[in-house]
Every structure is written in C-alpha cells, then in structure tokens.
Amino acid sequence: MELEFSGEVRYWRGPAPYHFVGVPAEESAALKAASAAVTYGWGMIPVAARVGATRWTTSLFPKDGRYLVPLRDAVRHAEGIAPGEVVTVHLTVGG
C-alpha cells in the first residue's frame, strides 16, 4: 500500500522531544484496515517514508484514532523543514 498526503509538522516536547506529521483521517482509516497484516505490536506500522528527496524507514504510531509519522531531525535538517510548515509525505506500508 502506498499513500501520499500533506500535513503540518508539529513539535511534541514530551519526555523525548520529537516532530511528527499527522496522517489525515481517510488515510488513517485505510492504514487501520491494513494494519493487522503488517503491525508488529502496539498498533505500530512499519513504513518507508519520503519527504522531498529524503527517504527513511520508520514506524507509524496510533494516536486518537489516527496515525503519526515521526520526522527525524536528520530529515528535517536535510529538507530545511521547520515546525508549522506543511510537507508532503509519501509512505510505503511494510517498508
């Protein structure tokens, strides 16, 4: 399964600060339907992700009925992305 969507980069300062992009509701519903076949526990879904020219592997995690795409600092720096910007994310489920 491949998905493409745009979303705002958000900063979460929690115990381990991170940046993420929320997956929209429609795409989250499709991911949830496919999750049983690919999840490795706790609802985490492994994906290959791309923003701009930067590719990486990560896992989506569920939050309030949707999914979040973690953005590593290396990805943000490589693409010049700041919190609050809207980025286009390409995902391939199962990495």
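For the structure, check the block above.
Everything quoted here is computed from the prediction, not taken from an experiment.

Glancing now at the pattern of salt bridges. Counted according to the given criterion, the structure contains three salt bridges. Between Glu8 and Arg10 there is a salt bridge whose closest N-O contact spans 3.5 Å. Of the residues examined, Glu8 reaches a relative accessible area of 34% and is grouped as partly exposed.

Glancing now at the environment of Pro83. Within the secondary structure, Pro83 is located in the loop between helix H2 (73–79) and strand E6 (86–93). For Pro83, a relative accessible area of 47% puts it in the partly exposed group. Each C-alpha atom of the pair Pro83 and Tyr11 lies 6.1 Å from the other, and the pair is 72 residues apart in sequence. Non-local contacts of Pro83, meaning those with residues more than four positions away in its chain, are made with Val9, His19 and Arg76.

By the alternation rule, side chains of E6 split into Val87, Val89, Leu91 and Val93, which are all buried, and Val86, Thr88, His90 and Thr92, of which none is buried. Bridging between strand E1 (residues 2–12) and E6 involves seven bridges; their strand directions are antiparallel. Bridge pairing in E6 links Glu2 to Thr92. In this structure, strand E3 (residues 45–51) lies alongside E6, joined through four bridges in antiparallel fashion. Paired with Ala48 across the bridge in E6 is Thr92.

With a phi close to 55°, Asp64 is a non-glycine residue in the positive phi region. Along the chain, Asp64 falls in the loop between strand E4 (54–63) and strand E5 (66–71). Its relative accessible area of 70% is what places Asp64 among the exposed residues.

Thresholds applied
Residues numbered from 1 in each chain as written. Predicted model: local features only at pLDDT ≥ 70, side-chain atom pairs only at ≥ 80, totals over all residues. Heavy atoms only, no water. Salt bridge = Lys/Arg side-chain N within 4 Å of Asp/Glu carboxyl O. Buried < 20%, exposed > 50% of the residue type's maximum accessible area, 1.4 Å probe, protein only. Helix = DSSP H or I, 4+ residues; strand = E, 2+ residues; numbered from the N terminus. Contact = heavy atoms within 4.5 Å. Pairing = 2+ DSSP bridges.

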